[in-house]
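# Structure at a glance
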Amino acid sequence: MTIAPLQALPLDQLRRRSSTKWRTYPEDVLPLFVAEMDFSLADAITARLREAVELGDTGYTPPDPGIRAAFVGYAQRRFGWTVQPDRVRSTCDVMMGVVEILRAVLAPGDRVVVAPPVYPPFYDCVEEAGGVVERVPLIDVDGSWRLDLDGIEEALAGGARAVLLCNPHNPTGTVHSKAVLARLAELAAAHGAVVVSDEIHAPLVQPGVAFTPFLTASPAATEVGYTVTSASKAYNLAGLKCAIMVTASEQTAAVVRSLPPEVEWRTGLFGALAAVAAWDPASDAWLDALLAALDENRRLLARLLAAHLPEADYRMPEAGYLAWVDLRELGWGDDPAGRILREARVALNRGPTFGAEGKGHVRFNLGCSPEVLTEAVHRIAALVGR
Ligand SMILES: Cc1ncc(COP(=O)(O)O)c(C=O)c1O
């Protein structure tokens, strides 16, 4: 059965939004940068939040707002992952969960492996936790991005204490294979290190691509792994502040239980209510329609670039709504997004903020209408007279 793609809201409505995507640049700029999407919320989320607003239900988040049961059901349904409810704890956002877990497992100055190019806050959050970033860049294997397991092994053998994994990977949209994740777990276990797996983009893995929750990759993964995730990216709830930390062994669960009570207390009530509605089966049809829209857009970008900017090197993401594009052949320097913003009035994410490997690259946000994406590429192509 073909699923009708979700339609984005029209630009005049989007410009009334008050979030970062719509309030950072003037109106003549098309914003395709920060990871917010241009669609309406899933109906079940709108209804739940509307009810809460009407009741003035804006107090503190209770000990269990239903997130655990909702996530357990969701993980089983969407990923075939059996999660124990008492191993799910909430916090206010994914990056805070990552920071607090790292802070609990690291001694000051311990090294943490990250795989650039990667979501820029990964660098800051390692530092915030008292760690030091050890960069082991992704490698290009036959046209696909992969973790450099030999490089990670060397880093762990040299004393790195943790790996901060992006699963699926932002900005390349890579979905790591089960075999790669199992080997990563084995390496971490052999060297007494932990793996913190940020799985915020997991609901956005395209049909036909096999996603492996890190904690299910192997018996070793259950021992060394911590997963941090949320409904915020796939369901566009980033401002509502709710994420979860999931563990699968007694030892890792004890670490999460030992975090200061404030870590859980900072969960936003609207975020929790919205997450419960997002993870309910009632929102599955919305997610499938979103995936259909993102699938169309990732293919549309390939066609647009081939037709108007053939110098661009783009590999379609296997997950998510972010597209990593290499513009080095255009000769626009290390930071092409600067020129594109100034002259084409399109805001993209700047490649070098993802690490040195991002020089000459940009990141597009595909969570928009096909018309906006088309207009953005036309504006950029006009800079080279096309
Ligand atoms: C990989 C990754 N992790 C975390 C986040 C941010 O999550 P949060 O706002 O819950 O910290 C993003 C946002 O785009 C992301 O791409």
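Scroll up to find the structure.
Residues numbered from 1 in each chain as written. Predicted model: local features only at pLDDT ≥ 70, side-chain atom pairs only at ≥ 80, totals over all residues. Heavy atoms only, no water.

Taken together, the 4 strands give an open sheet; going across it, the order is S11-S12-S15-S14, and neighbouring strands pair in antiparallel fashion. Edge positions in the open sheet fall to strand S11 (313-314) and strand S14 (349-350), since each of these has one partner strand only. With respect to the sheet, helix H14 (residues 336-344) is in contact with S14 and strand S15 (361-365), its orientation differing from that of S15 by roughly 55 degrees. (Pairing = 2+ DSSP bridges. Helix = DSSP H or I, 4+ residues; strand = E, 2+ residues; numbered from the N terminus. Contact = heavy atoms within 4.5 Å. Axes fitted to C-alpha atoms, helices over the stretch in contact; angles between N-to-C directions.)

Quick look at the pattern of salt bridges now. Evaluation of the coordinates by the stated rule reveals 25 salt bridges. Note that arginine 78 and aspartate 288 form a salt bridge whose closest N and O atoms lie 2.8 Å from each other. One end of the pair, arginine 78, is in helix H4 (residues 67-79); the other, aspartate 288, is in helix H13 (residues 284-308), and 210 residues separate them in sequence. Through salt bridges with shared partners, a single network forms among Arg77, Arg78, Asp284 and Asp288. (Salt bridge = Lys/Arg side-chain N within 4 Å of Asp/Glu carboxyl O.)

Near the ligand the following residues occur: Ala35, Asp93, Val94, Met95, Tyr119, Cys166, Asn170, Asp198, Ile200, His201, Ser232 and Lys233. Contact between the ligand and aspartate 198: a nitrogen atom at 2.5 Å from a side-chain N or O atom of the residue. The separation between an oxygen atom of the ligand and a polar side-chain atom of lysine 233 is 3.1 Å. Taking 400 Å² as the accessible area of the ligand by itself, protein coverage stands at 93%. If you map the ligand onto the pockets, it falls in the largest pocket. (Near = heavy atom within 4 Å. Polar contact = N/O pair within 3.5 Å; in protein donor to acceptor, adjacent residues only side chain to side chain. Areas by Shrake-Rupley, 256 points an atom, 1.4 Å probe, with all protein chains shown as cover. 1 Å grid on protein atoms, 1.4 Å probe; cavity = no way out; pocket = protein on both sides within 12 Å on 5 of 7 lines; lining within 4 Å. Sits in = over half its atoms within 2 Å of the grid points.)

To continue, consider the packing of H4 against H13. Viewed as axis vectors pointing N to C, H4 and H13 meet at an angle of 45 degrees, and their least axial separation amounts to 13 Å. Here H4 is positioned oblique relative to H13, judged by the angle of their axes. Where H4 crosses over H13, the two elements pack in a sense that is right-handed. Taken together, the residues of H13 that come into contact with H4 (itself represented by Tyr74, Arg77 and Arg78) are Asp284, Leu287, Asp288 and Leu291. Split by residue class, the contact of H4 with H13 holds 3 nonpolar, no polar and 4 charged. (Parallel < 35°, antiparallel > 145°, perpendicular 65-115°, else oblique. Left-handed = near helix turned anticlockwise from the far one by under 90°. Nonpolar A, V, L, I, M, F, W, Y, C, P; charged D, E, K, R; others polar.)

Moving on, we get to the packing of helix H7 (residues 149-157) against helix H8 (residues 178-190). At a minimum axis distance of 10 Å, the contact between H7 and H8 shows a crossing angle of 15 degrees. By the angle class used here, H7 and H8 are roughly parallel. In this structure, H7 meets H8 at a crossing whose hand is right-handed. Of the residues in H8, those in contact with Leu149, Ile152, Glu153 and Leu156 of H7 are Val180, Arg183, Leu184, Leu187 and Ala188. Classifying every residue of the contact of H7 with H8 gives 7 nonpolar, no polar and 2 charged.

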